[in-house]
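Listed here are the chains, written in short residue letters.
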Amino acid sequence: MTRLSDLLRTLAPAWRRVIAPRRAGAAAPKARRGATSELISPGRTGPTATVQVDPRRVGPVRTSYAPVTDGDPDPGEVVWTWVPFEEHDGRGKDRPVLVVAAEPAGSVLAVQLTSRDHDGDPDFVAVGSGGWDSEGRPSWVNLSRVLRVFPAGMRRESIGLERIAFDKVVHRLDAWYGWDRTP
């Protein structure tokens, strides 16, 4: 019984910092590095974990530009979530993703952003710079990594991407994967 009470005492601060605010509609704080980061990284584990999906097998996808700054991930917004590394070895990191479509079950489809230069790489679309990067660096969207993000697995909403850049990304996704574009 002592071990259980010790465990509960250890988890209580994480509950107050992460889970309780999310239930009240507030954004969860950024995960801290160290031993507890695995416990407080939204989107890392469980039923709301961010996962890479096969974009050709997710069913009908309709993209529509609809950013609304309300704490929920909407198409056209850049949000932060834990993203698994491409090696699929259990590792990953907290990073920005562009939401491109809402799914009927409440999750969203998103593509990963990177500030590493990918000029001329056909797997990437340049989207410029924005509030998701504190250094104001230009970003690229990785078209080959489509992710399923759940609202509870999102750490925070960042900013809406400009409509022109969003349209460029979803046009390329449609061409690659046969998705439908809704104006």
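For every chain, the first residue of the written sequence is number 1, and numbering continues from 1 onward in sequence order. Reporting of local features is limited, given that this is a predicted model, to residues whose pLDDT is at least 70; pairs of side-chain atoms are given and counted only at 80 or more, and all residues count toward the totals for whole chains, interfaces and linings. Only hydrogens and water are set aside; all other atoms, that is, all heavy atoms of the structure, feed into the side-chain values.

Digging into the overall build of the chain
Note the threshold: A run of DSSP states H or I qualifies as a helix once it reaches four residues; a run of E qualifies as a strand once it reaches two. Both are numbered from the N-terminal end. Partly exposed describes any residue whose relative accessible area lies between the buried limit of under 20% and the exposed limit of over 50%, with all areas from a 1.4 Å probe on protein chains only and scaled to the type maximum. Contact between two residues is taken to exist if any of their heavy atoms lie within 4.5 Å; hydrogens are not considered. Per-residue and other accessible areas follow the Shrake-Rupley method at a 1.4 Å probe size, with only the shown protein chains counted as cover for residues.
Assigned secondary structure in the chain consists of two helices and nine strands. When the helices and strands of the chain are placed in sequence order, the string is α-β-β-β-β-β-β-β-β-α-β. The buried share of the chain, taken over its 183 residues, is 40%. For the chain, contacts bridging at least 24 residues in sequence account for 62% of all contacts bridging at least 6. Roughly 10200 Å² of accessible area belongs to the chain as shown, and the carbon and sulfur atoms make up 53% of that amount.

Brief notes about the packing of aromatic side chains
Put simply, the test is: Any two rings among Phe, Tyr and Trp, with Trp reduced to its six-membered ring, count as a pair given centres within 6.5 Å; such a pair is stacked if its planes are under 30 degrees apart, edge-to-face if over 60, and tilted if neither.
A complete count under the given rule lists three aromatic pairs for this structure. Aromatic side chains tyrosine 65 and phenylalanine 166 sit 5.2 Å apart centroid to centroid with 55° between the ring planes, which places their arrangement in the tilted category. One end of the pair, tyrosine 65, is in the loop between β2 (62–63) and β3 (77–84); the other, phenylalanine 166, is in helix α2 (residues 163–177), with 101 residues separating them in the sequence. You can call phenylalanine 166 buried: its relative accessible area is 0%. An angle of 75° between the planes, with centres 5.9 Å apart, marks the rings of tryptophan 176 and tyrosine 177 as edge-to-face. Its relative accessible area of 28% is what places tryptophan 176 among the partly exposed residues. A connected cluster of aromatic rings, assembled from ring pairs, spans Trp176, Tyr177 and Trp179.

Some points on the side chain of arginine 145
The criterion, for reference: N or O atoms within 3.5 Å of each other form a polar contact, as long as, within protein, one can give a hydrogen and the other can take it, and as long as residues adjacent in sequence are counted only when both atoms are side-chain atoms.
As for its placement among the helices and strands, arginine 145 is situated in strand β7 (residues 139–149). The class for arginine 145 is buried, based on a relative accessible area of 2%. There is a polar contact of 2.9 Å between the side chain of arginine 145 and the backbone oxygen of proline 84. A distance of 2.8 Å separates polar atoms of two side chains, one belonging to arginine 145 and the other to glutamine 112. Contacts of arginine 145, omitting those with residues within four sequence positions, involve Gln52, Val83, Pro84, Phe85, Glu86, Ala110, Val111 and Gln112.

Looking at the environment of asparagine 142
Its place among the elements puts asparagine 142 in strand β7. When residues no more than four places from it in sequence are discounted, the contact partners of asparagine 142 are Glu86, Val111, Gln112, Asp123 and Phe124.

Some remarks on the nonpolar core
Rules: Residues enter a nonpolar core if they are buried and are Ala, Val, Leu, Ile, Met, Phe, Trp, Tyr or Cys, with the set joined through side-chain atoms within 4.5 Å.
Ranked by internal contacts, the top residues of the largest apolar core, which has 25 residues, are Leu98, Val100, Leu109, Val127 and Val169. Elements supplying a minimum of two residues to this core: β3, β4 (92–102), β5 (108–114), β6 (124–128), β7 and α2. If we skip the residues at most four places from it in the chain, valine 127 touches Leu113, Trp132, Ser139, Trp140, Val141, Leu161, Ala165 and Val169. Counting nine residues, the second-largest nonpolar core is a separate cluster that includes Val79, Val83, Val97 and Val108.

Keep in mind that these numbers describe shape and distance, not what the molecule does.
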